[in-house]
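Results of the structural survey
In case you want the letters, here they are:
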Amino acid sequence: MASNCEMETSLLKLRLEKLESEGIKLYLNGAPSTTDYIVNSCVNEDTVYMPDYVTDEKGKVKEIRYDRIVFW
């Protein structure tokens, strides 16, 4: 049986793959990225990333930018 973490990782990957296939661009810390790189970075690092959904003038998502959150 898969753990919650494994299930959440799989769901994140499926969602990002779908969005990426629809032409939505993915970024990690300001650099163009891919689903696999984002999933590996967000899950395997001891860091928190926050997605920022960037829309066009009609409100359609055109980019998702994952930025590392720094706690002071």
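Residues numbered from 1 in each chain as written. Predicted model: local features only at pLDDT ≥ 70, side-chain atom pairs only at ≥ 80, totals over all residues. Heavy atoms only, no water.

1. Let's talk about the environment of Thr-9
So the rule is basically this: Note on conventions: DSSP H or I runs of at least 4 residues are helices, E runs of at least 2 residues are strands, and numbering of each starts at the N terminus. Residues are treated as being in contact if the distance between any of their heavy atoms lies within 4.5 Å.
The topology assignment puts Thr-9 in helix α1 (residues 4-21). In sequence terms Thr-9 and Val-54 are 45 residues apart; their C-alpha atoms lie 22 Å from each other. In this structure, Thr-9 is in contact with Val-39 and Val-43, ignoring residues within four places of it in sequence.

2. What about unusual backbone geometry?
Note: most residues except glycine have negative phi, and most peptide bonds are trans. Definition in use: Relative accessibility decides the category of a residue: with a 1.4 Å probe and only protein chains considered, values under 20% of the type maximum give buried, values over 50% give exposed, and everything between is partly exposed.
Positive phi, normally seen in glycine, also occurs at Asn-29, with a value near 50°. Tracing the sequence through the fold places Asn-29 in the loop between β1 (25-28) and β2 (31-32). Judged by relative accessible area, Asn-29 falls into the partly exposed class, the value being 41%.

3. A short note on the pairing of β1
Heads up, the condition is: Here a strand pair is declared whenever DSSP counts at least two bridges between the two strands.
Relative to strand β4 (residues 61-69), β1 is paired through four bridges, and the arrangement is parallel. Paired with Lys-25 across the two strands is Glu-63, which belongs to β4. As defined by bridge partners, β1 adjoins β2 across two bridges and the pair is classed as antiparallel. Bridge pairing in β2 places Tyr-27 opposite Pro-32.

4. Some words on the environment of Leu-19
With respect to the helices and strands, the residue Leu-19 is situated in helix α1. For Leu-19 and Ile-64, which are 45 residues apart along the polypeptide, the C-alpha to C-alpha distance reads 9.2 Å. Leu-19 has contacts with Ile-24 and Ile-64, leaving out every residue within four places of it along the chain.

In short, shape yes, function no, at least from these values alone.
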